[in-house]
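Read off the chains here:
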Amino acid sequence: MSQQVHTPIQARIQATNRSGRHLDPVADLLVVGGGIFGLWSARHALKQGKRVHVVEKRRVGAGASGGFLGALMPHMPDRWNEKKQMQYEGLRSLEQAIAELESDTGADCGYRRCGRLMPLSHERMLHHLEERISGAARNWVDERGKQIFNMEHVAPEELAGRFPTLGGDGWLSPQIAPFGAAYDTLSARINPRAYLSALARYIREHENGSLVEGATVTAVDPAAVSVSLADGGVLSAGQIMIANGWEAYGLLSGIDARIGNQKLTGRGVKGQAVLLDLPHDDNLPILYDSGSYVVPHGKGMSVDASGNANRVAVGSTSVDDWLPGDADEEALEAARTGYDAADTGFFDHARSFCPALASATVVERWANVRPRNTIPDPKTGRIGTEPVFGAIEGHDRVSVAAGGFKISFGIAHLPH
Ligand SMILES: Cc1cc2nc3c(=O)[nH]c(=O)nc-3n(C[C@H](O)[C@H](O)[C@H](O)COP(=O)(O)OP(=O)(O)OC[C@H]3O[C@@H](n4cnc5c(N)ncnc54)[C@H](O)[C@@H]3O)c2cc1C
């Protein structure tokens, strides 16, 4: 058996597999990156009977997927298009995908279809809401065209009674919602860290899976279907999946990667969020307004002495120019995850529409960098926020799954 171990990385691959089975040093699929996309790529391949190695530079959850927001919020159901349909299919099927993952691993991923409430501050928003209510009837449907999720208008005077907090405040301030609010039943929330840890457990415990942390892929060789590692090792595989978040754009530019004749480009957009200690009965929806969102989490994340769920997450910022010029690796890591205490606009705004947050204490501040594609739509030239999935042109054994920006958790489980 030991003759098969050629490099330190291959020895580590053996060491990480918990099934006790000896793994072939050449996997069917080698995944670069242990974030939500990479871990789902690995789970899909293991389910298909493939041998899978995941190589992660830092540790699972060290990237944009390792936070605590976990909002699963649909695009608006009017002005429908293919991209909205793809996200809808993701949000609709996620419940079942999570149930299967929980059944395979015994984990609790903290998923709940909690709905979302958005204040209406101007009369003209009522008109938009009518279009969205009709859009939901047309588009939030099952295979037979029957509507299964809806959007509705909640009148201002109903807000406090329908969405009360334990402290007696309304969850959404009536001051910010003089025309009431839009409520949808499709939005959900998940506990990102519990979710990632369930996926990682599934891979580590699978007899055909391994997950090595602290190993950096420095280059991809599409012709040889192999990757080079920072420690000098080389790993070959039947297929390679590049899923290393915003850092994927560096690997992709190294191989001049294209799909549909479009060069695969993108950038990292930094975001930050806070986690609060605020007891609630886990019956509240996500609140969303002008880029700020408030996500109540369940008992699996934390409970207080009375047995109430007591974690609420608030997000988030979007900063493009966070990357310092000429930074060494240490400065880059500090810039990537450093929390900017001056950038609190998102939190101040959330407190203005959710008065219950005023009494809550901050238990964690977190920042990280999301991958955002900058690939223009071939028809419109518009740069969207959709991820890119699929095999790279001319190299059908090298694929990419990157650029989910703010919606990755709702779509990462879709086959890719
Ligand atoms: C503030 C904030 C709030 C967010 N809120 C939400 C939300 O509410 N809902 C939602 O759906 N999503 C949210 N996200 C997550 C967002 O959707 C991201 O798009 C998503 O987490 C990206 O997942 P990923 O797997 O592509 O990348 P990542 O999670 O970043 O994973 C990439 C992994 O690859 C590793 N890696 C990098 N380079 C290499 C290399 N060379 N070799 C090996 N490994 C490497 C990294 O260490 C990292 O672990 C949020 C993100 C942030 C920052």
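Keep in mind that what you see is a predicted model, and the values were worked out from it rather than measured.

Chemist: In this structure, what is going on with the domain arrangement of the protein chain? I would like to understand it.
Modeler: Interfaces are often sized by the amount of accessible area the parts lose when they come together. Taken as a whole, the protein chain is organised into domain 1 (2-65 + 194-265 + 383-411) and domain 2 (88-190 + 267-373). A C-alpha centroid distance of 29 Å is found between domain 1 and domain 2. On the side of domain 2, 30 residues touch domain 1, which itself brings 31 residues to the contact. Together domain 1 and domain 2 conceal approximately 2500 Å² of surface at their shared face, both sides included; 59% is due to carbon and sulfur atoms. Between domain 1 and domain 2 we count four salt bridges in total. The partner of Lys-57 in a salt bridge is Glu-329, and the shortest N-O contact between them spans 3.7 Å. Counting the contacts that link domain 1 with domain 2 gives 14 residue pairs in polar contact (both at pLDDT 80 or more).

Chemist: What is the right way to read the packing of helix α2 (residues 36-47) against helix α6 (residues 192-205) from this model?
Modeler: The relative placement of two packed helices comes down to the angle between their axes together with the axis-to-axis distance. Interaxial distance between α2 and α6 falls to 10 Å at its minimum, and their mutual angle equals 35 degrees. Of the two elements, α2 crosses α6, and the hand of that crossing is left-handed. Facing α2, whose interface residues are Ile-36, Leu-39, Trp-40, Ala-42, Arg-43, Leu-46 and Lys-47, α6 presents Tyr-195, Leu-196, Leu-199, Ala-200, Tyr-202 and Ile-203. Tallied by class, residues from the contact of α2 with α6 come to eleven nonpolar, no polar and two charged.

Conventions we followed
Residues numbered from 1 in each chain as written. Predicted model: local features only at pLDDT ≥ 70, side-chain atom pairs only at ≥ 80, totals over all residues. Heavy atoms only, no water. Domains from an automatic or database assignment. Contact = heavy atoms within 4.5 Å. Buried area = accessible area lost by both parts, 1.4 Å probe. Salt bridge = Lys/Arg side-chain N within 4 Å of Asp/Glu carboxyl O. Polar contact = N/O pair within 3.5 Å; in protein donor to acceptor, adjacent residues only side chain to side chain. Axes fitted to C-alpha atoms, helices over the stretch in contact; angles between N-to-C directions. Helix = DSSP H or I, 4+ residues; strand = E, 2+ residues; numbered from the N terminus. Left-handed = near helix turned anticlockwise from the far one by under 90°. Nonpolar A, V, L, I, M, F, W, Y, C, P; charged D, E, K, R; others polar.

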